[in-house]
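An overview of the molecular structure
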Amino acid sequence: MNPATAGGLDTLTFLAVLAAALMHAGWNAIVKVGLDRFSSMLLIALVSMGLALSLIPVFPLPAAAAWPWVIGSGLLHTGYKLFLVQAYTHGDLSYVYPIARGTAPLIVAVVGVFALGEEIGTVGATGIALIGLGVVSMSLRGGGIGANRTAILWALGTTGFTASYTLADTIGARLSGTASGFVMWMFVVDGIAMSAFAVLARGRAAFGKLRPAWRSGLVAGVLSLGSYWVAVWAFTRAPVGLVAALRETSVLWAMLIGVLLLGERGGPWRWGAAAMIASGLILVRV
């Protein structure tokens, strides 16, 4: 049986995806570099594209069947960034984020089972549900609704892009014969698309604005590429629903960084959500 569709995660993949989630939390923390959100996203896309271009000669080209998925996935990643920026423009981060990220693994898991023939089992499905619910609960922090209807619609659109690019990357990477080659070319497409949109929306001045933040952008770009590189590699080794859920534990890492290193308050609500995510992690690994 193909290990990518069989239920369960081997230890290496499990630990690698947890490390990727930590990297994801890291670049999201670093991205607060004094730029507006669109400029921050553009900077990360450019840095990731530059790194990918430098690494492309090291890896084989993806198989011919994977190229439509490379292009499609790159465009989906760009759409995700643009929708997320709009969602944050209209609503609070604490409310937009759980809608945009927390529900996507549930969609991916369902599609993975019924469309890709993956097996995750009852225990794995319960773990995915707990992680998703924990992400939503932690991000809401027990507070009120901090977004209007427009923000909710943009966040739901972001969820669609997140689920879509996750599935596109899964199919494409499995067809490509080289997860690394696939993800490098995908980042190139994303970088080109983001650059084209920046020129259309803001003109060439959009790029000059990025110079003061290049150091933070470089670190964030490295973490962004590394995080998703590991995720795409994991898509070829385990059911996508399990991997997608594990990636969202970046919220747990972000909370621990905030509480243990930055002196933020945890509170019973957030610790309860953390326990829910941790329980989901245990079930996903079983």
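Reading the values: rules and limits
Residues numbered from 1 in each chain as written. Predicted model: local features only at pLDDT ≥ 70, side-chain atom pairs only at ≥ 80, totals over all residues. Heavy atoms only, no water. Axes fitted to C-alpha atoms, helices over the stretch in contact; angles between N-to-C directions. Helix = DSSP H or I, 4+ residues; strand = E, 2+ residues; numbered from the N terminus. Left-handed = near helix turned anticlockwise from the far one by under 90°. Contact = heavy atoms within 4.5 Å. Nonpolar A, V, L, I, M, F, W, Y, C, P; charged D, E, K, R; others polar. Phe/Tyr/Trp six-rings, centres within 6.5 Å; stacked < 30°, edge-to-face > 60°. Buried < 20%, exposed > 50% of the residue type's maximum accessible area, 1.4 Å probe, protein only. Polar contact = N/O pair within 3.5 Å; in protein donor to acceptor, adjacent residues only side chain to side chain. Salt bridge = Lys/Arg side-chain N within 4 Å of Asp/Glu carboxyl O. Patch = residues over 30% accessible without salt bridge, like charges linked within 9 Å, V, L, I, M, F, W, Y side chains within 5 Å. Areas by Shrake-Rupley, 256 points an atom, 1.4 Å probe, with all protein chains shown as cover. Core = buried A, V, L, I, M, F, W, Y, C linked by side-chain atoms within 4.5 Å. Expected span 1.5 Å × (residues − 1). pLDDT = per-residue confidence, 0-100.

1. Brief notes about the packing of helix α2 (residues 37-55) against helix α8 (residues 179-202)
Direction vectors running N to C along α2 and α8 enclose 140°, while the axes themselves pass 8 Å from each other. You can see that α2 and α8 cross each other, and the crossing is left-handed. Counting all contacts with α2, which are made through Phe38, Ser39, Met41, Leu42, Ala45, Leu46, Ser48, Met49, Ala52, Leu53 and Leu55, the residues of α8 involved are Met184, Phe187, Val188, Asp190, Gly191, Ile192, Met194, Ser195, Phe197, Ala198 and Arg202. Of the residues in the contact of α2 with α8, the class split is 16 nonpolar, four polar and two charged.

2. Describing the packing of aromatic side chains
Taken as a whole and judged by the stated rule, the model has eight aromatic pairs. Centroid distance tryptophan 67 to tryptophan 185: 5.3 Å. Interplanar angle 65°. Geometry classified as edge-to-face. With tryptophan 67 in helix α3 (residues 67-90) and tryptophan 185 in helix α8, this residue pair connects regions lying 118 residues apart in the sequence. Given a relative accessible area of 24%, tryptophan 185 falls into the partly exposed group.

3. Looking at the side chain of threonine 170
Structurally, threonine 170 is set in helix α7 (residues 149-176). Side-chain polar atoms of threonine 170 contact the backbone oxygen of threonine 166, separated by 2.8 Å. Discounting residues that sit within four places of it in the chain, threonine 170 has contacts with Leu116, Phe235 and Val240.

4. A word on the pattern of salt bridges
Inspection of every chain in the model, using the stated rule, returns five salt bridges. In this structure, glutamate 118 engages arginine 174 in a salt bridge whose closest nitrogen and oxygen atoms are separated by 2.7 Å. A residue pair is termed long-range when its members are at least 10 positions apart, and glutamate 118 in the loop between α5 (104-115) and α6 (121-140) and arginine 174 in helix α7 qualify at 56 residues. In the salt-bridge network here, residues are joined through shared partners; they are Asp36, Arg202 and Lys209.

5. Topic: a nonpolar patch on the surface
A cluster of nonpolar side chains, Trp214, Leu218 and Val222, forms an exposed patch at the surface whose accessible area comes to about 280 Å². As for its placement among the helices and strands, tryptophan 214 is situated in helix α10 (residues 214-235).

6. Observations regarding the packing of α7 against α10
Between two packed helices, what matters for the description is the angle formed by their axes and the separation of those axes. Interhelical geometry of α7 versus α10 gives an angle of 60° and a closest axis separation of 8 Å. The handedness of the crossing between α7 and α10 is right-handed. For the pair α7 and α10, contact is made by Tyr165, Thr166, Asp169, Thr170, Ala173 and Arg174 and by Tyr228, Val232 and Phe235, respectively.

7. So, the nonpolar core
Ranked by size, the top nonpolar core spans 69 residues in total, and within it Leu9, Met138, Tyr228, Val232 and Leu246 carry the most contacts. Take this core: its biggest share by element is ten residues, from α8. Not counting the four nearest positions on each side in its chain, leucine 246 is found in contact with Leu9, Phe14, Val17, Leu18, Ala21, Leu281 and Val284.

8. Examining the environment of leucine 82
For leucine 82, the location among the structural elements is in helix α3. C-alpha of leucine 82 to C-alpha of threonine 158: the two residues are 76 residues apart in sequence and 8.5 Å apart in space.

9. A look at the environment of proline 105
Residue position: proline 105 is located in helix α5. Spatially, the C-alpha atoms of proline 105 and isoleucine 128 are 7.3 Å apart, while their sequence positions differ by 23 residues. Setting aside its immediate chain neighbours within four residues, proline 105 contacts Ile128, Ala244, Ala245 and Glu248.

10. Some thoughts on the environment of leucine 281
Inspection of the secondary structure assignment puts leucine 281 in helix α13 (residues 267-285). When the C-alpha atoms of leucine 281 and phenylalanine 14 are compared, they prove to be 9.4 Å apart, with 267 residues separating the residues in sequence. Every residue in contact with leucine 281, bar those within four places of it in the chain, is listed here: Phe14, Leu18, Ile131, Leu246, Thr249 and Leu252.

11. Digging into α8
Over its 24 residues, α8 extends 34 Å from the first C-alpha to the last, a length consistent with the 34 Å expected when each residue adds 1.5 Å. One or two positions beyond α8, positive phi appears at glycine 203, with a value near 80°.

12. Considerations on the confidence of the model for the protein
Of all residues in the protein, 86% attain a pLDDT of 70 or more, and the chain-wide mean is 85. Within the protein, the lowest mean pLDDT, 67, falls on helix α4 (residues 93-102), and the highest, 97, falls on α8.

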